[in-house]
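Topology and contacts: notes
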Amino acid sequence: MGFVLAAAGSAVGLGNLWGFAYRASQGGGGAFVLLYVLIVLAVCLPVLVAEMVLGRSTGHAPLIAPVTAGGRGWRPLGWLFLASAVGILSYYAVLMGWTGRSLLHALMDPLPADIAGAEAYFKGISSGGDAVLGHLVSLALTGAVVAAGVRAGIERLTRWAMPLLFLMLLGLLIWAAFLPAAREGYGTFLLRWDASKLSDPATIRNAFTQAFFSIGTGIGAILAYAAYLDRHSGIPGEAAAVVGMDTAVGLMAGCVTFPVVASFGLGDVVSGSTVGALFIALPTGLASLGAAGRVVAVVFFLLAYLAAITSAVSLLEVPASSLIDRLGWSRPRAVWLCVAAIAVLGLPSALNVSVLERMDALFGGVLLIAGGLAMALLLGWRAPRRYRADLEGSGSPPQLVGALLFALRWVSPPAIAVGLVVSVIDLARSWAG
Ligand code: PFF
C-alpha cells in the first residue's frame with residue numbers, strides 16, 4: 001500500500017491539474033482524450049510494469065539498474081533517466097513556487113476581480129525575485145522530505161496527502177457540476193468530437209506528452225521506488241492501480257477546470273497560454289463567487305501543491321538514489337547536492353516563462369518518451385526473461401505476463417517510435433515558426 005500510494009503520488013501532479021487542462025484545450029477535444037487514454041493503457045502500462053520490474057529485480061538505483069539488466073551498452077539509459085529527472089525538476093519546482101504563491105494569495109488577499117488584474121498578479125509571481133524564491137522554497141521542502149528517506153519521508157508524506165487530495169478533488173468536482181455552464185464546459189473541451197484531429201500532429205504530440213508525463217514513466221522515478229519492493233507484491237495490479245488513479249485525477253481535474261472556464265467566459269485565456277488555465281482563469285472565475293470562491297481557490301491550490309510535492313520527491317529520488325548507490329554517499333549529502341545543482345539549473349526557468357515552456361517541451365516531452373522507448377526495448381527485447389521470471393516468480397498468472405510481454409515487445413516500441421518522431425517534428429516546427 002505504501003508503494004502504491006508513493007507511486008500514485010509521483011504520477012498525480014501538476015501534469016494532471018495543469019497539463020491536462022491546457023493540452024485538452026488546444027483543440028484536440030475528444031480525440032485528444034481518446035488518444036491519451038489509449039496510449040496510457042496500451043503503451044504506458046506495460047512500460048510502467050517494465051520499470052517496476054527493473055527496479056525490483058535489480059534492487060539498484062536508476063543510474064545502475066539498466067546496466068545490471070542489459071550490460072554496459074545500456075549505460076546511456078541510466079544517464080538519460082538522470083538528465084530527464086533533473087531537467088524536469090528544475091522547472092517543476094518553479095511551477096510549484098507559483099502554486100504556493102497562489103495559495104498564499106488566496107488565503108490572504110481577495111482574488112483578482114478581472115483578467116487584467118489576474119494577469120498583472122501572475123506576472124508578479126512568475127518573474128524576478130518572487131519566482132526565484134518560490135522555486136528555492138519548493139526545492140528545499142522537497143529536499144527535506146527526500147533527505148528523511150523513502151519510508152520515513154516519502155511514504156509518510158504520501159500516506160496522508162494522497163487520500164486528502166482525492167477527497168478535496170471530489171468535493172470540487174461536485175461543486176463544479178452545479179455551475180451554470182458545467183455541461184457546456186465538459187462539451188467544449190472534453191467531449192467535442194472531430195475525427196480528423198486523430199491524425200493531427202499537435203494532438204498526437206499532446207497526447208503522447210501528456211500520457212508519459214502524467215504517468216511519469218520512462219524516467220526512472222517509479223524504478224527508484226520499486227527497488228524497495230518485496231518479492232511478493234503483484235506488480236501488474238499495482239501498476240494498474242497507479243494508472244487508474246492518475247487517469248481518474250486527470251479527468252476529474254478537467255471536470256473542475258472546464259466548467260469554471262465556460263461559466264465565466266474564460267476560454268481564450270486558457271488556450272492562449274500554457275499557464276492561463278490554472279493561474280489566471282481559475283482565480284478570476286472564482287473571484288465572482290465571493291467568499292465561496294475564495295474557499296474553493298484555497299482548496300484547489302492546496303490540493304495542487306500537495307500533488308506537486310509528492311511528484312517532486314520522486315523526481316529528486318532519481319539522482320539522489322543514484323549518487324547513494326553509485327558513490328556510496330550518505331542520503332543527506334546526496335540530496336542536498338542534487339538540490340543545489342537543480343536550484344541553479346532552474347534559475348532561467350524561474351526568470352523567464354518561455355524558457356520554462358521550452359524545458360517542458362524538451363525534457364517533459366521528448367526525453368521522457370525516448371526513455372519509455374528504451375525501457376520497452378530493454379525489458380521487451382534485451383532482457384525479456386528477467387521480466388517474465390520476476391512477474392511469474394511473484395505470483396502473476398503466466399497468461400497475464402504473456403500478454404504484457406507481447407504488448408511490451410510489439411505494441412509499445414512501434415507506437416512510442418511513431419509518437420516520438422511525430423513529437424520531434426511537431427516541436428521543431430513549432431519552435432521554428
Ligand atoms: N507525473 C507528474 C505530473 O503529472 O505532474 C510529473 C512527473 C513526476 C513526471 C515524476 C515524471 C516523473 F518521474
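Please refer to the structure higher up on the page.
Here's a quick rundown of the structure. No experiment lies behind these values; they were computed from the predicted model shown. All chains use their own residue numbering, which begins from 1 and follows the written sequence. Reporting of local features is limited, given that this is a predicted model, to residues whose pLDDT is at least 70; pairs of side-chain atoms are given and counted only at 80 or more, and all residues count toward the totals for whole chains, interfaces and linings. The side-chain numbers reported here are obtained from all heavy atoms of the structure, hydrogens and water having been left aside.

1. Observations concerning the nonpolar core
If you look at the biggest cluster of nonpolar residues, it comprises 154 residues, and the most contacted ones within it are Phe3, Ile88, Tyr92, Trp98, Phe212, Leu379 and Tyr387. Top element by residues in this core is helix α15 (residues 291-327). It accounts for 19 residues. Should any heavy atoms of two residues lie within 4.5 Å, those residues are considered in contact. If sequence neighbours within four positions are ignored, Phe212 has contacts with Ile39, Val43, Cys44, Thr217, Leu368, Ile369, Gly372 and Ile416. Put simply, buried Ala, Val, Leu, Ile, Met, Phe, Trp, Tyr and Cys residues joined by side-chain atoms within 4.5 Å make one nonpolar core. Burial classification: accessible surface area is computed with a 1.4 Å probe over protein chains only, and a residue below 20% of its type maximum counts as buried, one above 50% as exposed, and the rest as partly exposed. Secondary structure follows DSSP: runs of H or I at least 4 residues long count as helices, runs of E at least 2 residues long count as strands, and numbering of each begins at the N terminus.

2. Remarks on the packing of aromatic side chains
In this analysis, rings of Phe, Tyr and Trp, with Trp reduced to its six-membered ring, are considered paired at centre separations within 6.5 Å, and the interplanar angle assigns stacked below 30 degrees, edge-to-face beyond 60, and tilted for intermediate values. Applying the stated criterion to the full structure yields 11 aromatic pairs. Among the aromatic residues, ring-to-ring pairing joins Trp98, Phe122, Phe279, Phe300 and Phe301 into one connected group. The criterion is that NZ of a Lys, or CZ of an Arg, lies within 6 Å of the ring centre and within 35 degrees of the ring normal, and then a charge sits over that ring. Directly above the aromatic system of Trp329 lies the positively charged group of Arg333, at a separation of 4.2 Å from the ring centroid. When the ring centre of Trp381 is taken as reference, the NZ or CZ atom of Arg409 above it lies at 3.8 Å.

3. Thoughts on helix α12 (residues 235-263)
Under the 1.5 Å per step criterion, the end-to-end length of α12 is 42 Å for 29 residues, consistent within 8% with the ideal 42 Å. Among the 29 residues that make up α12, 21 are buried, leaving the element largely enclosed by the rest of the structure. Backbone geometry just downstream of α12 places Gly265 in the positive-phi region, at approximately 60°. Working rule for helices: expected span equals 1.5 Å times residues minus one.

4. Looking at the site of the ligand
Around the ligand, a shell composed of 15 residues is seen, among which Ala11, Gly15, Tyr92, Phe213 and Ile219 lie nearest. At 2.8 Å, a backbone N or O of Phe213 approaches a nitrogen atom of the ligand. Counted as a polar contact is a pair of N or O atoms within 3.5 Å, where, for protein atoms, one must be capable of donating a hydrogen and the other of accepting one, and residues adjacent in sequence contribute only when both atoms are in side chains. In the environment of the ligand, a nitrogen atom lies 3.0 Å from a nitrogen or oxygen atom belonging to the backbone of Ser214. Reported accessibility uses the Shrake-Rupley method at a 1.4 Å probe radius. Residues are deemed covered only where the shown protein chains occlude them. The fraction of the free accessible surface of the ligand (330 Å²) that becomes covered by protein chains is 100%. Elements supplying a minimum of two residues to the shell around the ligand: α1 (2-11), α2 (14-24), α10 (201-215) and α15. Class assignment of the residues belonging to the shell around the ligand gives a composition of seven nonpolar, eight polar and no charged. We call a residue near a given molecule or strand whenever any one of its heavy atoms falls within 4 Å of it. In the scheme used here, Gly and all other residues not listed as nonpolar or charged are polar, with Ala, Val, Leu, Ile, Met, Phe, Trp, Tyr, Cys and Pro taken as nonpolar and Asp, Glu, Lys and Arg as charged.

5. A few points about the environment of Thr247
Structurally, Thr247 can be placed in helix α12. Overall, Thr247 belongs to the buried group, its relative accessible area being 12%. Residues Thr247 and Ser102, 145 residues apart in the sequence, show an inter-C-alpha distance of 25 Å. Filtering out sequence-adjacent residues up to four positions away, Thr247 remains in contact with Tyr36, Val37 and Val40. At 2.8 Å, the side chain of Thr247 and the backbone oxygen of Val243 are in polar contact.

6. Observations concerning the side chain of Glu155
One can find Glu155 in helix α8 (residues 150-177). Once residues within four sequence positions are removed from consideration, Glu155 is found in contact with Gly2, Phe3 and Val150.

7. Focus on the side chain of His135
Mapped onto the elements, His135 comes out in helix α7 (residues 128-147). Dropping the residues within four chain positions of it, His135 is found in contact with Ser90, Ala93, Val94, Gly97, Ile342, Ala343, Gly346, Leu347 and Ala350.

8. Considerations on a nonpolar patch on the surface
Exposure above 30% relative accessible area and the lack of any salt bridge qualify a residue for a patch; like charges then connect within 9 Å, and the nonpolar side chains Val, Leu, Ile, Met, Phe, Trp and Tyr within 5 Å. Each salt bridge in this description consists of a side-chain nitrogen of Lys or Arg and a carboxyl oxygen of Asp or Glu lying within 4 Å of one another. Residues Leu377, Trp381, Phe406, Trp410 and Val411 make up a contiguous nonpolar surface patch of about 490 Å² in total accessible area. Contributing elements (two or more residues each) for the nonpolar patch: α17 (353-382) and α19 (398-432). Along the chain, the position of Trp381 falls in helix α17. With relative accessibility at 38%, the residue Trp381 sits in the partly exposed group.

Scope: geometric values only; no functional claims are made or implied.
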